[in-house]
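The residues making up each chain are set out below.
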Amino acid sequence: MAELILPEGAIFPDFMLPDAQGGLVSLNGRLRHGPVVLGFFRGTWCPFCKLMLEALAEAMPRIADMGASLLALTPETGPLPAALQTRHGSRLDVLCDVDFGVGLQAGVVYRIPPLYRAGLIAAGLDMELRHGNAAWCLPVPAIFIITPDGRIARRFVDMDFTKWPEPEAILDALAGLR
Amino acid sequence: MELTQVRYFLALCETLNFSRAAEACNVTQPAFSRAIQKLEEELGGALIFRERTLTRLTALGQEMRPHFETMVEAAQAAQALARAHQNPAPRSLRIGLGPGIPATPITGAVAEILRVLSGTEIHFSEAPCGTLVDAMLADALDCALLPADAPLPERLNRWPVFTDTPRLICPETHPLARKNQCGLEDLAGETLLLSDECGNFGEALARLAEPPLRTQRLRAGLGQMQELVRAGLGVALLSDRAAISPSLAARDFVEPDLTRQILLTAVAGRPLHQAAMGFIRLCRANAFA
């Protein structure tokens, strides 16, 4: 599946998505102010996403010092993007990737296998309600570092949803852009 | 999975013919077949029965088709909105509001559309649910806010956006205005004004009330209803999201709980213009706290 994910050197297609505060945010709008760290997160219920977002929120002052902004995309809808935003502070922007549109373009969306799906249902996680669609898909953990011209400078992807890059690696990649 | 693969699969759904679908997608047939095969591998099953004379969707193919259509639509919407933001053009956004559903909760989303897609004309239509549903099906409306208990055809997508709780509206000088909150038992001896155009909170309560409530049926919108309450004709139950005139008292109505769920609805698979796509997405991403 990794071969389908947008590679380093490719242009990340421009998009506009709703954020957790009732606004519409475009990638190119953000790129005008500097590089963008763009991550796909599974949602409020995922403990690994939570840890990664906490680490990123902590690294946020240093990310901002490098002129970069952080967009955290989640397929969750309704009150959930705002819940994620509140939990991780206002310095990163939670965007709602409604119906996986941007995730599909980036190649990071997969269909939840039946066994895992049964486990999620047993845990009381109704993805239909959370996503507002019945596709039962999720994004793989992925972080893209995008330069102001829209190009993907670095890509961190791991099919294993427990594995995220270290914030230091992201900061190093940002430092490498200067 | 990835956009190109999914697009190929949807082209195949249309044509049920590998070579014609490949041609429509501007790729060679071997490349097209490989992409479909990859998608099948990822989904863990065949999407298409490949028989000599007959190509048709498997159960998995049929199941995935509408989901893929939704996802491709979302990808296109995200791109189209970004483009539209840079190219102002005359657009309109036509929103239906079911009986008694105020526009207050969605004004933020409307304002954001106007900011991002300047020049958009906004049309609100207040009408009974059936009229709004027909208007959506006839493409005279882009979307509508309707109560969850309204009968909706299968073809409508629906997303819960907020809940709507009634408040009791009475003149400032009315004895009930002195209470912090009220319930059915406080309405003994009062006249409850009912209007189809103000949501069915009053009707729902009247059905539950024993002994029966004194009611007066009217045809009046939210504004006229407030005038009638001010004139002393009776009290009314109106959405807590409706703007209430400062000369009237609005008290939480807590017993019984008459909260209703409000859905955002739109015709499934209907191509929408950017203002409507953006508006629906903003509403779906919103907490409406």
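1. A closer look at the packing of aromatic side chains
Scanning the model with the defined rule gives eight aromatic pairs over all chains in all. Look at Phe9(B) and Phe68(B): their rings are 5.7 Å apart centre to centre, the planes differ by 80°, and that puts the pair in the edge-to-face class. Linking Phe9(B) in helix H1 (residues 3-15) with Phe68(B) in helix H4 (residues 59-86), this pair joins segments that are 59 residues apart in sequence. Relative accessible area serves as the criterion here: at 0%, Phe9(B) is assigned to the buried category. Here a set of aromatic residues connected by ring pairs shows up, and it is made of Phe12(A), Phe15(A), Phe40(A) and Phe144(A).

2. Details of the interface of chain A and chain B
With 39 residues of chain A at the contact, the number on the chain B side is 33 residues. Buried surface at the junction of chain A and chain B, summed over both partners, amounts to about 3,000 Å²; 64% is from carbon and sulfur atoms. On the chain A side of the interface with chain B, the three residues burying the most area are Met16(A), Leu24(A) and Leu104(A), jointly 24% of the side's total. Counting every contact that joins chain A to chain B gives three salt bridges.

3. Remarks on the sheet that holds strand E9 (residues 152-157) of chain A
Strand pairing in a sheet takes place through backbone hydrogen bonds and is either antiparallel or parallel in direction. All names here are of chain A. Strands sit in the order E5-E4-E3-E8-E9 across an open sheet of five strands; the sheet is mixed. Two strands in the sheet have a free side with no partner beyond their single neighbour: strand E5 (93-96) and E9. On average, each strand axis in the sheet is tilted by 20° relative to the strand beside it, whichever way the strands run. Note that strand E4 (residues 69-74) and E5 share four bridges and pair parallel. Within E5, the residue paired with Ala72 across the bridge is Val94.

4. Description of the packing of helix H5 (residues 107-116) of chain B against helix H9 (residues 274-284) of chain B
All names here are of chain B. Here H5 crosses H9 at 140°, and the two axes come no closer than 9 Å. As the angle between them shows, H5 and H9 are arranged oblique. Along this stretch, H5 crosses H9, giving a crossing that reads as right-handed. Residues Ala109, Val110, Glu112 and Ile113 of H5 form the contact with H9, whose own contacting residues are Ala275, Gly278, Phe279, Leu282 and Cys283. Taken together, the residues of the contact of H5 with H9 break down into seven nonpolar, one polar and one charged.

5. Here we look at the sheet that holds strand E13 (residues 260-267) of chain B
Residue and element names in this part refer to chain B. Here we have five strands laid out as an open sheet, ordered E4-E3-E5-E13-E6, and mixed in their pairing. Of all the strands in the sheet, just strand E4 (120-126) and strand E6 (156-164) have a single pairing partner and so form its edges. The average undirected angle you get between the axes of adjacent strands in this sheet is 20°. Here seven bridges tie strand E3 (residues 91-97) to E4, and the two strands are oriented parallel to one another.

6. Topic: the pairing of strand E5 (residues 143-147) of chain B
All names here are of chain B. The element E5 is extensively covered by neighbouring structure, given that five of its five residues are classed as buried. Burial along E5 is two-sided: the residues Cys143, Leu145 and Pro147 and Ala144 and Leu146 are all buried. Of the strand pairs in this sheet, E3 and E5 are connected by three bridges, and their pairing is parallel. Its bridge partner lying in E5, Gly96 is registered against Ala144. With four bridges connecting them, E5 and E13 associate as antiparallel partners. When the bridges of E13 are listed, Ala144 appears paired with Thr265.

Conventions and cut-offs
Each chain carries its own residue numbering, running from 1 in the direction its sequence is written. A letter from A marks each chain and a number from 1 marks each ligand, given out in the order of writing. At least 70 in pLDDT is required for a residue's local features to be given in this predicted model, at least 80 for side-chain atom pairs to be given and counted, and no such filter applies to totals for whole chains, interfaces and linings, which use all residues. The basis for every side-chain value is the complete set of heavy atoms in the structure, and neither hydrogens nor water enter the calculation. A pair of Phe, Tyr and Trp rings is counted when the ring centres sit within 6.5 Å of each other, with Trp represented by its six-membered ring. The angle between the planes then sorts it: under 30 degrees is stacked, over 60 is edge-to-face, the rest tilted. Put simply, DSSP marks the helices as runs of H or I at least four residues long and the strands as runs of E at least two long, and each gets a number from the N terminus on. Relative accessibility thresholds used throughout: buried, under 20% of the residue-type maximum; exposed, over 50%; partly exposed, between the two (1.4 Å probe, protein chains only). Here a residue-residue contact requires only that any non-hydrogen atoms of the pair lie within 4.5 Å. Throughout, buried area stands for the accessible area (probe radius 1.4 Å) lost by two parts on being put together, summed over both. By definition here, a salt bridge exists when the distance from a side-chain nitrogen of Lys or Arg to a carboxyl oxygen of Asp or Glu is within 4 Å. Strand pairing is defined by DSSP finding a minimum of two bridges between the two strands. To get an axis, a line is fitted to the C-alpha atoms, and for a helix only the part in contact is used. The angle between two axes follows their N-to-C directions and goes from 0 to 180 degrees. Here roughly perpendicular refers to angles of 65 to 115 degrees, roughly parallel to angles under 35, roughly antiparallel to angles over 145, and oblique to all remaining angles. Take the far helix as the reference: if the near one is turned anticlockwise from it by less than a right angle, the crossing is left-handed, and if turned clockwise, right-handed. Following the grouping adopted for this structure description, the nonpolar residues are Ala, Val, Leu, Ile, Met, Phe, Trp, Tyr, Cys and Pro, the charged ones are Asp, Glu, Lys and Arg, and the polar ones are all others, Gly among them.

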